[in-house]
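# Report on the structure
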Amino acid sequence: ERRFSPTARWLLSLISLVAAGLFLRSLKHAQGIDTGFETRGVLVMNVNLGREGYTPERGQLFYQQAVERLAGLPGVQDAAVAQNAPLAGGFLRSVFPEGADTTTRDRVLVQVNSVSPGYLETLGIPLLRGRDFLNSDVTGAPLVVIINETMARRFWPGEDAIGKRFKFFGDNDYTSVVGIAKNSKYNGVAEDPIPFIYQPVRQNYTPNATLHIRAA
């Protein structure tokens, strides 16, 4: 058995107290950071429809019915589905604003999350301008997105980003901006503002997703 001298024990105790104090101070600071979304009363549940053998068509129907049924439960205020939960980031895609060189020279990587109509309201993310996604924003309809404030300023400085268009790498058709949402934290509470895109899940099916429920 290893024995420590009284001085060593005192030093170890002091180090432990200092570490605990620093941790509590960091925790208090993190709690005071505005994440841009509301977590109180929000429940999340991950689903993997690909593992269950769902086709994209059946998967889209599942998402639609799940959100409708969950929203109808007593005490539930809002419900939505998204590819990624809060602070889980997003899928990186190359963006080419209309008029830009569609080579790698002008591309910008932006994180993307596929979400259902009502996602922003469920998470308490303010929609500053434009509109939310509609049930009619489906495959075959004009491609649309909602972007955050940082992307609007970075891609179209001094202009209104509503109605602006860009292409994702590999797409033949342009995608139009229909809404601008307030900045949030996407990967961690300490990150600096970054560009971010929300796509309608009805136009961008994903078998792995997260159900979000806001309860009273």
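In this report, we go over the structure that sits alongside the text. Note that the structure is predicted; figures quoted are calculated from it, not measured.

What follows deals with the nonpolar core. Counting 16 residues, the largest nonpolar core has Tyr119, Leu120, Ile125, Ile146 and Tyr198 as its most contacted members. With three residues, helix H3 (residues 119-123) is the largest single contributor of residues to this core. If we skip the residues at most four places from it in the chain, Leu120 touches Ile125, Leu127, Ile146, Ala181 and Tyr198.

Next up on the list: helix H2 (residues 56-71). Here H2 spans 22 Å end to end across 16 residues, near enough to the 22 Å set by a 1.5 Å rise per residue. Within the span of H2, buried status applies to Gly59, Gln60, Tyr63, Ala66, Val67 and Leu70. Buried residues of H2, viewed axially, fall in a sector of 130 degrees; they line one side. Projecting away from the buried face of H2 at angles above 90 degrees are the exposed residues Glu57 and Arg69.

All right, on to the pairing of strand E3 (residues 91-97) then. With five of seven residues buried, E3 is to be regarded as a mostly interior element. Two elements, E3 and strand E4 (residues 108-115), share five bridges in a ladder whose sense is antiparallel. The partner of Leu92 across the bridge, within E4, is Gln111. Here three bridges tie E3 to strand E7 (residues 165-168), and the two strands are oriented antiparallel to one another. The residue of E7 that forms the bridge with Pro97 is Phe166.

The rules behind the values
- Each chain has its residues counted from 1, following the order in which its sequence is written.
- Two thresholds apply to this predicted model, a pLDDT of at least 70 for residue-level local features and 80 or more for giving and counting side-chain atom pairs, whereas whole-chain, interface and lining totals are computed over all residues.
- No hydrogens and no water enter the side-chain calculation; it runs on all heavy atoms of the structure.
- In this description, a nonpolar core means a group of buried Ala, Val, Leu, Ile, Met, Phe, Trp, Tyr and Cys residues linked to one another through side-chain atoms lying within 4.5 Å.
- With a 1.4 Å probe rolled over the protein chains alone, any residue whose accessible area is under 20% of its type maximum counts as buried; one over 50% counts as exposed, and the rest are partly exposed.
- To qualify as a helix, a DSSP run of H or I must reach at least 4 residues; to qualify as a strand, a run of E must reach at least 2; elements of each kind are numbered from the N terminus.
- Whether two residues are in contact is decided by their heavy atoms, any of which lying within 4.5 Å being enough.
- Here the expected length of a helix is defined as 1.5 Å per residue gap, with one fewer gap than residues.
- Note: the arc covers the axis-to-C-beta directions of the helix.
- Two strands qualify as a pair provided DSSP detects at least 2 bridges between them.

This is a description of form; function is not addressed.
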